Amino acid sequence: MLEDMRRHSRSTLIYVLFGILIAVFILTFNTASRVGTAKDIENEAMADVAGTTVDSGELNLAMLLSADPPPPALDQFQKFQAKQTYEGTRFWRSGGMPELVTLTPHQSVPGTKIEKVMAELVESVLVSQDAKAHGLSVSDIELARRVVALQRANGSDMADENGNFDPQRYDRFVRYGLGTSKGALEDFLRREILRDKMAMVVTQGIVAAPQEVEALYNADAKRPRLEVLTLDAASAAKAVTVSDADADAYASAHAEAVAAEYKAQESKYKVPDKWNVRGILVAAAAADESADEAKKKEAADQLAAKRGAAEAIKADLQKAWNGDVLLDPVAPKSDDPDKPALAVGEPKTATQVTGDEKNQRLLQYFSKVAKEKSEDSIYKDEGGKYVDDYDAEGLARQPFGPEVRDAVAAAGELQLIGPVQGKKGWWLLVVEKKLPGKVTPQDVANREIARSLVQKEKGEKEMDNIAKAVLLAAQATATTPLAEVVKAYAKQQGLGEDALSVSETPPLGKSPMESLQDLSALFGGLPKNDSPDDVPGVGHNPELAKAAWALKDSAPLAGQVFKSEDGKTRYVVRLAAAKATDAAAEQKTKDMLGKSLTQLRRREAYRAYVVKLVTEATAAGKVKPTSALALKIKEETARLADEQKKAGEKGNKAAAPGGVQVQMGDQPAGGAQPIKIDLGKGGAPAGGAPIKIDLPPPSQPEAPAAPAK
């Protein structure tokens, strides 16, 4: 494999692209002094790893290049996305290949980002040393390629207006964007390249066999699915008709109840203005008012430099808005995500097109720039297009801020906004669409509210009757799908087509792929067990679950109406008919399954390799965290607790057993503050006990460490 890598690196195209760049690196990349600057002197040793000192400067760089954990203020969708990126990657802005960035040492992620990143730095040092021991090395062309990839991953460009390498831009990027020196960055990237090469060696040849994929696919395809009519008071209410006269009479007789419901549904009847926006973030940390004057000045200089970068992006966008840039045609929407439609037409400027075509071309250009330049980790890949429509309150929160809210509220559609300093830095935005709010007075809403209250009252009483009537109708025609039975019943009762609806559950039981992914037992954790009393889409319902597994093609309909555990919901259940197979879709699913299984096996193989390396190094006393690291972890833990307290959330900072972790221990007798490198049972010494390294209290001074090599 190494010979293949060398052979590929000799291609003419690569030499043409990187030849000049390498020459510049040789002349300029190492000119920055690696020791002796104020920043170097201030760096504290965080750990000694097999003779290599990992200092605070390197930790800060690694933190900057790593994804952030989801802050408490994010909504659930954003939090889910951020959590997946944070837990599933290491140094994801360092320019590594995606399949290697996801090879992490963690089975379970440590409690703080500092602990997570330090564990990854320990991994990086030990794996790169092992790579050197196996004869691997890093060439100038590989370093040049990685620097270009790193800059792209961070939304930066070191080329000037003519496309030539600009040493000054590169210097600003390293100094202000990354807060480090060229020499320190070079050391970090060379080590990461060695780490990636060794990861490729460890995982080469690991491919899921076709027989395995076929077996997994067939096992998953055989899992039964259900058709379920779900009836609660709200859904049953749709099957109840109430005349205008009855609704008006109820409103008059129950004025207080109607008024209370109007207040409860205020968001429905008092809809504020909302904005659909696209944004580009140039990240910049807010100044710390408690810092000394020198640090305040440094922060102010960085903020000014970031504003300059935002202004440059704005100038680029403004050219498109002014008609000085050709805008590509926009492809029409496609119903098939796997077969996107092709754009038709020629590139034109904004002055050559009008109406919606002009707007769409400009928005597409904005998104193109956002993908290249934005530093918003969550929506960068979406071209800066935010899923939600934000009201004023939403714009004032993360990730924007009050200043962004005011600027957006004052702007018109398709107007460029910014740079505006928000919560995360400088924002450039465009309002794709403004959605005007609407207020419905209570006297206008009274009839609608009264009708819904009457329907709800009657729905609770009619729920059992409706469910039994549907069951009888289904029993009368055993071969008819439940969805068609319900549709016919609704029509017979004079109800709307959406009054009652049938949903199809996911397959029953645990997916074979999920079982494969649950490797907790290998790393000292408890395996995840699906309850046999749970039904997908329904929840915990032992009686229904037992009946569902007994259904078969010859007797597909359950012979009774089921109740939820709280008694508020009714279910009518039928075995869903097998779906017709599509050979192309089936093969596509198998291909995806094969890729997933292969990547899963590679992750676990690499993780086992790292666990062994760290275990042996720790047992030999080669991994020595310092009290300065203990203090940083303690401060970070306190900060997270404060954030969660302010957000009204109860955070669980304790990491689950297993994986490679660095975490704070309990306060032992004598005042020593231990740091524990917890490898779990998968890689721990005999007996499975975690390896502990006792440290002095964080306040104890540490002897100056040698600069990182």
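It should be emphasised that the depicted structure is a prediction, and the values quoted were computed from it without experimental measurement.

A. A look at helix H17 (residues 355–373). Taking 1.5 Å of rise per residue, 19 residues should cover 27 Å, and H17 covers 27 Å from first to last C-alpha, within 8% of that figure. Next to the buried residues of H17 lie strand E5 (274–283), helix H16 (293–322), strand E7 (416–421) and strand E8 (425–435).

B. Structural context of helix H9 (residues 167–177). Listed in full, the buried residues belonging to H9 are Tyr170, Phe173 and Val174. The arc that holds every buried residue of H9, seen down its axis, measures 90 degrees, which confines them to one face.

C. Up close: the confidence of the model for the chain. In this model, the chain carries an average pLDDT of 79, and 80% of its residues clear a pLDDT of 70 or more. Taken element by element, the predicted model of the chain shows its lowest mean pLDDT in helix H26 (residues 680–683) (34) and its highest in strand E13 (residues 562–563) (94). Below a pLDDT of 50 lies the segment residues 1–41, which in the model reaches 63 contacts outside its immediate sequence neighbourhood of four places, other chains included. Long-range and interchain partners of residues 519–529, a stretch whose pLDDT sits below 50, account for 25 contacts in this model, where long-range means more than four residues apart.

D. Seen up close, the nonpolar core. If you look at the biggest cluster of nonpolar residues, it comprises 49 residues, and the most contacted ones within it are Leu59, Met118, Leu121, Leu185 and Phe188. When residues of this core are assigned to their parent elements, the largest contribution, 9 residues, is made by helix H7 (residues 113–133). Excluding anything up to four places from it in sequence, Met118 contacts Met46, Ala47, Val54, Leu59 and Leu629. Judged by nonpolar contacts, the second largest core, of 23 residues, contains Tyr365, Val369, Leu416 and Trp426.

E. Seen up close, the pattern of salt bridges. One pass over the full model with this rule turns up 37 salt bridges. Its salt-bridge partner being Arg175, residue Asp171 comes within 3.4 Å of it at the nearest N-O pair. Residue Asp171 and its partner Arg175 are both found in helix H9; the two are separated by 4 residues, about one turn of the helix. You can call Asp171 partly exposed: its relative accessible area is 24%. Of the charged contacts in the structure, one is a salt bridge between Glu311 and Arg307, with a shortest N-O distance of 3.3 Å. Here the residue Glu311 and the residue Arg307 both occupy positions in helix H16, the gap between them amounting to 4 residues, near one helical turn. One salt-bridge network, in which partners are shared between bridges, spans Arg90, Glu123, Arg146, Glu192, Arg195 and Asp196.

Conventions and cut-offs
Residues numbered from 1 in each chain as written. Predicted model: local features only at pLDDT ≥ 70, side-chain atom pairs only at ≥ 80, totals over all residues. Heavy atoms only, no water. Helix = DSSP H or I, 4+ residues; strand = E, 2+ residues; numbered from the N terminus. Expected span 1.5 Å × (residues − 1). Contact = heavy atoms within 4.5 Å. Buried < 20%, exposed > 50% of the residue type's maximum accessible area, 1.4 Å probe, protein only. Arc of directions from axis to C-beta. pLDDT = per-residue confidence, 0-100. Core = buried A, V, L, I, M, F, W, Y, C linked by side-chain atoms within 4.5 Å. Salt bridge = Lys/Arg side-chain N within 4 Å of Asp/Glu carboxyl O.

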